[in-house]
Amino acid sequence: MAEQLNRDNMIKSPEELLNILTAEAMGDKCFEHILGFIRPGMTELQVAEEIERTLFALGAEALAFDTICVSGANTCLPHGMPSDKVIEEGDLLTMDFGGVYKGFCGDMTRTVGIGCLSQEQIHVYDVVLRAQLAALGRCCDGVTCADADAAARDIIDAEGYGSFFIHTTGHGVGREVHEAPRLAGNSPDVLTTNMAVTVEPGIYIPDRFGVRIEDLAIITDFGIINATKSVKELIIL
């Protein structure tokens, strides 16, 4: 059954969009900091706590949602919670987080590598990145949410990972971190200027590893304004 999302105020005012942009900028600053913080031997919980501490230090009034910070086999869980698992060489590490500014949420996800990665891990990351860029490129005023979802899903399907893309491509963001519209194949919605939506395809190979990359996009009549500025090319720490 599809998640029931708040359908009020899908189209944001300029002031609301500015608050969302500010919240997402906190996430970018937080990610920049956390790249210098992560070390093999730390636990997922230690990194998650530093993410949250940093968001509050940057001015967040609350967390937009419970921080996701998972490594190794735990990255195959799209909504996995941080644990005492130690982050090890050869792990992928997925971090999904956001702060709240003046009542509006930020939301971003980055997956990074720890030490030497396998060719398969690198390939899956590349597939997800190409899918995410394709979906971002498809988002524009007047485009259906189903078409935006298909832009990502078609690439992942073509690479043979379609059964491992187990959630929608994105969702609206505002006062709640999950709002309408849904970027999904069965969505009736059409993207409209001044909507704020995430674009976050992922591949999750059970008991092995997963990759997700998420940006927050503002819809315009010429494409998007990407509120998430953090680098997306694979980072290996």
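Residues numbered from 1 in each chain as written. Predicted model: local features only at pLDDT ≥ 70, side-chain atom pairs only at ≥ 80, totals over all residues. Heavy atoms only, no water.

(A) Expanded view of the overall build of the protein. In terms of regular secondary structure, the protein is built from 4 helices and 13 strands. Against the globule reference of 18 Å for 237 residues, the protein gives a C-alpha radius of gyration of 17 Å, in line with a compact fold. C-alpha extents for the protein along the principal axes are approximately 45 × 45 × 30 Å. Taken over 237 residues, the protein has a buried fraction of 56%. (Helix = DSSP H or I, 4+ residues; strand = E, 2+ residues; numbered from the N terminus. Rg over C-alpha atoms; globule rule 2.2 N^0.38 Å. Buried < 20%, exposed > 50% of the residue type's maximum accessible area, 1.4 Å probe, protein only.)

(B) Local environment of the packing of helix 3 (residues 119-138) against helix 4 (residues 145-158). With their axes 8 Å apart at the nearest point, helix 3 and helix 4 run at an angle of 155 degrees to one another. The orientation of helix 3 relative to helix 4 falls into the category roughly antiparallel. Along this stretch, helix 3 crosses helix 4, giving a crossing that reads as right-handed. Here Val 127, Arg 130, Ala 131, Ala 134, Ala 135 and Arg 138 of helix 3 come into contact with helix 4, specifically with Asp 147, Ala 148, Ala 151, Ala 152, Ile 155 and Ile 156. By residue class, the composition of the contact of helix 3 with helix 4 is 9 nonpolar, no polar and 3 charged. (Axes fitted to C-alpha atoms, helices over the stretch in contact; angles between N-to-C directions. Parallel < 35°, antiparallel > 145°, perpendicular 65-115°, else oblique. Left-handed = near helix turned anticlockwise from the far one by under 90°. Contact = heavy atoms within 4.5 Å. Nonpolar A, V, L, I, M, F, W, Y, C, P; charged D, E, K, R; others polar.)

(C) Quick look at the sheet that holds strand 4 (residues 99-101). Read across the open sheet, the 3 strands follow the order 1-4-5; overall the sheet is antiparallel. Across the chains shown, the open sheet's two edge strands, defined by having one partner strand only, are strand 1 (62-63) and strand 5 (104-105). As paired strands, strand 1 and strand 4 are joined by 2 bridges and run antiparallel to one another. Bridge pairing in strand 4 places Ala 62 opposite Val 100. (Pairing = 2+ DSSP bridges.)

(D) Highlighting the pairing of strand 11 (residues 209-212). Neither face of strand 11 is exposed, since Phe 209 and Val 211 on one face and Gly 210 and Arg 212 on the opposite face are all buried. What sits between the antiparallel neighbours strand 10 (residues 202-205) and strand 11 is a turn of 3 residues, in which Asp 207 has the positive phi angle 65 degrees.

(E) Representation of the state of the cysteines in the model. Scanning the entire structure with this criterion turns up 0 disulfides. Cysteine Cys 140 shares no disulfide, and the gap to the nearest cysteine sulfur, in Cys 139, comes to 8.8 Å. (Disulfide = S-S within 2.5 Å.)

(F) Examining the environment of Pro 181 more closely. With respect to the helices and strands, Pro 181 occurs in strand 8 (residues 179-183). Judged by relative accessible area, which is 0%, Pro 181 ranks as buried. C-alpha separation for the pair Pro 181 and Val 197, spaced 16 residues apart in sequence, amounts to 7.6 Å. Pro 181 has contacts with Met 10, Cys 145, Gly 170, His 171, Gly 172, Asp 189, Leu 191, Met 195 and Val 197, leaving out every residue within four places of it along the chain.

(G) The nonpolar core, seen in detail. Val 124, Leu 183, Leu 191 and Ile 203 are the most contacted members of the largest nonpolar core, which has 31 residues in total. Looking at this core, the elements with two or more residues in it are helix 3, helix 4, strand 8, strand 9 (196-199), strand 10, strand 11 and strand 12 (215-220). The dominant element in this core, judged by the number of residues it contributes, is helix 3, at 8 residues. In this structure Val 124 touches Tyr 161, Ile 203, Ile 205, Phe 209 and Val 211, once residues within four positions along its chain are discounted. Membership of the second largest hydrophobic core comes to 20 residues, among which are Ile 34, Val 47, Met 95 and Ile 114. (Core = buried A, V, L, I, M, F, W, Y, C linked by side-chain atoms within 4.5 Å.)

(H) Representation of the packing of helix 1 (residues 14-37) against helix 2 (residues 44-57). Closest axis-to-axis distance for the helix 1/helix 2 pair is 9 Å, and the angle between their directions is 140 degrees. On the basis of the axis angle, helix 1 is oblique to helix 2. The two elements helix 1 and helix 2 meet at a crossing, and its hand is right-handed. On the side of helix 1, the interface is formed by Met 26, Gly 27, Cys 30, His 33, Ile 34 and Phe 37, while helix 2 contributes Gln 46, Val 47, Glu 50, Ile 51, Arg 53, Thr 54 and Leu 55. Looking at side-chain class alone, the contact of helix 1 with helix 2 contains 7 nonpolar, 4 polar and 2 charged residues.

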